[in-house]
Amino acid sequence: MTRITRFVGGLALAAALAAPLAGAATAQTADSDAQIMQGLSQATMFDPSLTAQVLRQMAQDAVTQNQPLTLDKSEIAKRLDKLAQITVQIQFALGSDIIRPQSYATLGSIADAMHHPILANYKFIVVGNTDTTGTRAFNLKLSQERANAIVQALVVVFGISPDRLEAVGLGQEALQVPSKPQDPINRRVQIFTIGTVGPMGKPVPTSAP
């Protein structure tokens, strides 16, 4: 990303910060720089026990044990709902982890937020989700590959430190609308703020020096 692009993105985000930040996590799709910044800046406390490895194991156990899907949110979804988060629509080629070109603008907005001083000390989990079309095992594998692809793009194309990102595929194990398991709305990418790069509880600057 060029310095001009970063500068322009920074100005847009700085303007967004003038608006009050929401106080609770939201699952609504983030469509703008302001919404992305608001969603990822909502962290007031973290759950150190909820790691990428734990999430992967919970999803794998659900698939292996063929746990029944219910009309209520899964245990995974309930735990994730407590974290600062955004939900975005990233388009992929059918059945693959190839990101479609039109989605790079969204990834650029996410990267601008992550580069901003308010979020510069935070780390994130990128989560891929599917609907129930296809087998559970296939959906779990595909969602992990797609989460990996997004992390790779954020690192290679947009310069986010790999130490700040982890990828998790949950397949169909955290449906957004459990009552409509095949609804495309369940196919989404979520990004969760899970802690700081430095010691937990370290203050994050609220303005650029």
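Residues numbered from 1 in each chain as written. Predicted model: local features only at pLDDT ≥ 70, side-chain atom pairs only at ≥ 80, totals over all residues. Heavy atoms only, no water.

Enquirer: How should I be thinking about unusual backbone geometry in this particular structure?
Expert: Leaving glycine aside, a negative phi is the common case for residues, and trans is the common case for peptide bonds. A positive phi is found at N66, a non-glycine position, where the angle reads about 50 degrees. By the element assignment, N66 lies in the loop between α3 (52-64) and α4 (75-80). On the basis of relative accessibility, which here comes to 53%, the residue N66 falls in the exposed class. (Helix = DSSP H or I, 4+ residues; strand = E, 2+ residues; numbered from the N terminus. Buried < 20%, exposed > 50% of the residue type's maximum accessible area, 1.4 Å probe, protein only.)

Enquirer: What exactly am I supposed to notice about the pairing of strand β3 (residues 165-171) here?
Expert: For a regular strand, side-chain orientation follows a simple rule: the groups alternate between the two sheet faces. With respect to burial, β3 is a largely interior element, 6 of its 7 residues being buried. Running through helix α6 (residues 136-156), the crossover from strand β2 (residues 122-129) to the neighbouring parallel element β3 is right-handed. (Right-handed = clockwise from strand over helix to strand, strands pointing away.)

Enquirer: What is the right way to read the side chain of T130 from this model?
Expert: With respect to the secondary-structure elements, T130 resides in the loop between β2 and α6. By relative accessible area, T130 is classed as buried at 7%. Within the structure, the side chain of T130 is placed 3.4 Å from the backbone nitrogen of Q172, a separation counted as a polar contact. Excluding residues that lie within four positions of it along the chain, T130 makes contacts with N139, S143, G171, Q172, L175, N186 and R187. (Polar contact = N/O pair within 3.5 Å; in protein donor to acceptor, adjacent residues only side chain to side chain. Contact = heavy atoms within 4.5 Å.)

Enquirer: For this particular structure, what's the right way to read the packing of α3 against α6?
Expert: Packed helices, taken two at a time, are described by the angle their axes make and the gap between the axes. Running from N to C, α3 and α6 point in directions that differ by 160 degrees, and their axes come no closer than 9 Å. Relative to α6, α3 is oriented roughly antiparallel. The chirality of how α3 crosses α6 is left-handed. Across the interface between the two elements, R56, A59, Q60, A62 and V63 of α3 pack against R136, A137, L140 and Q144 of α6. Tallied by class, the residues present in the contact of α3 with α6 amount to 5 nonpolar, 2 polar and 2 charged. (Axes fitted to C-alpha atoms, helices over the stretch in contact; angles between N-to-C directions. Parallel < 35°, antiparallel > 145°, perpendicular 65-115°, else oblique. Left-handed = near helix turned anticlockwise from the far one by under 90°. Nonpolar A, V, L, I, M, F, W, Y, C, P; charged D, E, K, R; others polar.)

Enquirer: Whenever I open this one, the sheet that holds β2 confuses me. Can you help?
Expert: Each strand in a sheet pairs with another by means of backbone hydrogen bonds, the pair being arranged parallel or else antiparallel. Spatial strand order, β1-β4-β2-β3: 4 strands in an open sheet with mixed pairing. A single partner strand is all that each edge strand has here, and the edge strands are β1 (85-88) and β3. Between one strand and the next, the sheet's axes are offset by a mean angle of 25 degrees, whatever the strand orientation. With 6 bridges joining them, β2 and β3 adopt parallel strand pairing. (Pairing = 2+ DSSP bridges.)

Enquirer: Would you explain the pattern of salt bridges in this entry?
Expert: When the charged atoms of two side chains lie near each other, side chains of opposite charge can form a pair. One pass over the structure, following the stated rule, counts 6 salt bridges. A salt bridge links D72 to K78, with the shortest nitrogen-to-oxygen separation between them at 3.0 Å. The partner of E145 in a salt bridge is K141, with the nearest N and O atoms 2.6 Å apart. Taken as a pair, E145 and K141 lie in helix α6 at a separation of 4 residues, close to a single helical turn. (Salt bridge = Lys/Arg side-chain N within 4 Å of Asp/Glu carboxyl O.)

Enquirer: What's the story with a nonpolar patch on the surface in this structure? I'm lost.
Expert: A grouping of Y104, V156 and V157 is seen on the molecular surface, where their side chains present a nonpolar patch of about 250 Å² in accessible area. Mapped onto the fold, V157 is located in the loop between α6 and β3. (Patch = residues over 30% accessible without salt bridge, like charges linked within 9 Å, V, L, I, M, F, W, Y side chains within 5 Å. Areas by Shrake-Rupley, 256 points an atom, 1.4 Å probe, with all protein chains shown as cover.)

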